[in-house]
Amino acid sequence: MFSLLRTTLLPHLPASVRFRSQLAPRQVQHVKRHKGRVPIPIGGSTKGTTLAYGEWGIRIKGMGVRFSAKQLTTAEEVIKRKIKVVKGAKVYLRVFPDIPVCIKGNETRMGKGKGTFEFWATRVPTGRVIFEIGGTPIREELAREALRQAADKLPTIMEFITRSTPPRLGNLVLQPEPSTDQLSYPTQTELVKT
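Please read all numbers here as calculations on a predicted model, not as lab measurements.

**Quick look at helix α2 (residues 69-83)**
Each full turn of the α-helix corresponds to 3.6 residues, which orients residues three or four apart in the same direction. Here α2 contains 15 residues, and its C-alpha end-to-end distance of 21 Å stays within 8% of the 21 Å for a straight helix at 1.5 Å per residue. Inspection of α2 places Ala-69, Leu-72, Ala-75, Glu-76, Val-78, Ile-79 and Ile-83 among the buried residues, and these make up the whole buried set. Those residues of α2 that are buried lie in contact with β2 (65-68), β3 (90-93), β5 (116-124), β6 (129-134) and α3 (140-152).

Below you can see the structure in the form of structure tokens.
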């Protein structure tokens with residue numbers, strides 16, 4: 001009687017359920033995946049190194065790193081708590097944890113297959129933007145403080161960026177080329193004097 005009632009009212013939930021507040025993909029083809037490496041940006045692309053949605057943001061200045069979903073969620077909550085005084089302010093997360101991490105128990109003998117699923121993660125290279133703040137105009141001091149507190153929760157060195165910050169290619173900050181009206185060519189009289 002009770003088992004029939006339980007199956008009709010409470011359907012069986014799978015082992016890893018994704019709730020709305022959690023950072024996890026809706027569905028994946030393979031639950032277990034290779035460990036992989038953090039990508040090193042050597043190809044010349046600067047995609048994802050400048051702001052796209054907000055006015056202020058943070059990007060990785062140190063080595064590329066693997067962020068867990070819990071680390072990203074914690075940092076996002078810190079930012080939201082700090083900027084909730086500004087009506088209409090939004091937080092944009094530019095990376096998403098879609099890599100399953102599997103871990104075997106401590107002191108386990110070799111063999112017997114890959115470990116069980118533990119958490120979701122994402123690999124982020126140097127120079128990639130992690131968080132942006134925008135929506136409505138926010139004072140720079142408030143944005144700096146919120147993003148500094150969020151950066152303290154993440155396991156790498158971050159830098160504060162604005163709309164005018166140049167893009168990065170790994171550890172190299174790309175300075176924009178000066179336009180033709182900014183270049184000053186010497187006049188004929190200056191050439192004669194020298």
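After that view of the structure, there is still more to cover.
**Re α3**
Compared with an ideal rise of 1.5 Å per residue, which puts 13 residues at 18 Å, α3 spans 18 Å between its outermost C-alpha atoms and is within 8% of the ideal. Looking only at α3, the buried set comprises Leu-142, Ala-143, Ala-146, Leu-147, Ala-150 and Ala-151. Taken down its axis, α3 places every buried residue within 165° of arc, on the same side. For α3, exposure combined with an orientation more than 90 degrees from the buried face picks out Glu-141 and Asp-152. Of the surrounding elements, those touching the buried residues of α3 are β1 (56-60), α2, β6 and β7 (158-162).

**Things to note about the sheet that holds strand β4 (residues 99-103)**
Strand order in the open sheet formed by 3 strands is β2-β5-β4, with antiparallel pairing between adjacent strands. Bordering the open sheet on either side are β2 and β4, each of which pairs with just one other strand. Neighbour-to-neighbour, the strand axes of the sheet open up by a mean angle of 50°, direction not taken into account. Against the sheet, α2 contacts β2 and β5, and its axis sits at roughly 75° relative to β2.

About the criteria used
- Residues numbered from 1 in each chain as written.
- Predicted model: local features only at pLDDT ≥ 70, side-chain atom pairs only at ≥ 80, totals over all residues.
- Heavy atoms only, no water.
- Helix = DSSP H or I, 4+ residues; strand = E, 2+ residues; numbered from the N terminus.
- Expected span 1.5 Å × (residues − 1).
- Buried < 20%, exposed > 50% of the residue type's maximum accessible area, 1.4 Å probe, protein only.
- Contact = heavy atoms within 4.5 Å.
- Arc of directions from axis to C-beta.
- Pairing = 2+ DSSP bridges.
- Axes fitted to C-alpha atoms, helices over the stretch in contact; angles between N-to-C directions.

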